[in-house]
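Residue-level structure breakdown
Residue-level listing of the chains:
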Amino acid sequence: MASVERPLNEVVFLTVAEVASVMRVSKMTVYRLVHSGHLPAIRVGRSFRVPEQAVHDYLRESYVGVESA
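Source: prediction; values computed, not measured.

Regarding the pairing of strand E3 (residues 47-51)
Bridge analysis of strand E1 (residues 13-15) against E3 gives 3 bridges, and the strand direction is antiparallel. When the sheet's bridge partners are listed, threonine 15 is paired in E3 with arginine 49. Summarising the sheet, strand E2 (residues 42-44) and E3 pair through 3 bridges and their orientation is antiparallel. Its bridge partner lying in E3, arginine 43 is registered against phenylalanine 48.

Focus: helix H3 (residues 52-62)
Think of an α-helix as turning once every 3.6 residues; residues three or four places apart then point the same way. If you check which residues of H3 are buried, you get Ala54, Val55 and Asp57. Down the axis of H3, the buried set is contained in an arc of 165°. They therefore lie on one face. In this structure, the buried side of H3 is in contact with E1, helix H1 (16-23) and E3.

Topic: the sheet that holds E2
Pairing is antiparallel in the open sheet, where 3 strands are placed in the order E1-E3-E2. Two strands lie at the open edges of the sheet, namely E1 and E2, each paired on one side alone. If you compare each strand with its neighbour and ignore which way they point, the axes differ by 40° on average.

Some thoughts on the pattern of salt bridges
If you walk through the whole model with that rule in mind, you get 1 salt bridge. Between arginine 60 and aspartate 57 there is a salt bridge, with the nearest N and O atoms lying 3.0 Å from each other. Of this pair, arginine 60 and aspartate 57 both sit in helix H3, 3 residues apart, which is roughly one turn of the helix. For arginine 60, a relative accessible area of 44% corresponds to the partly exposed category.

Some points on unusual backbone geometry
Positive phi, normally seen in glycine, also occurs at arginine 24, with a value near 60°. Along the polypeptide, arginine 24 turns up in the loop between H1 and helix H2 (27-36). Since its relative accessible area comes to 72%, arginine 24 is described here as exposed.

A closer look at the packing of H1 against H3
Contact geometry of H1 with H3 gives a least axis separation of 11 Å together with a crossing angle of 35°. Read as a crossing pair, H1 and H3 show a hand that is right-handed. Together, Val19, Val22 and Met23 of H1 and Val55, Tyr58 and Leu59 of H3 make up the contact between the two elements.

What counts, and at which threshold
- Residues numbered from 1 in each chain as written.
- Predicted model: local features only at pLDDT ≥ 70, side-chain atom pairs only at ≥ 80, totals over all residues.
- Heavy atoms only, no water.
- Pairing = 2+ DSSP bridges.
- Helix = DSSP H or I, 4+ residues; strand = E, 2+ residues; numbered from the N terminus.
- Buried < 20%, exposed > 50% of the residue type's maximum accessible area, 1.4 Å probe, protein only.
- Arc of directions from axis to C-beta.
- Contact = heavy atoms within 4.5 Å.
- Axes fitted to C-alpha atoms, helices over the stretch in contact; angles between N-to-C directions.
- Salt bridge = Lys/Arg side-chain N within 4 Å of Asp/Glu carboxyl O.
- Left-handed = near helix turned anticlockwise from the far one by under 90°.

Dropping the structure here:
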């Protein structure tokens, strides 16, 4: 399921700490996801910003549910 492209002025960016809080993981885990390319991010100075929709998309794609047959 592809996300709808939004104008950049409407995109909400999260810090690594905010992403870690949303995902309930450590900041190091978020850095690993960013560096491995699993989570898109932009670099602002020495820090990263992750589009909020990218976090939701990653979680949705990573969801492990029980398939009913």
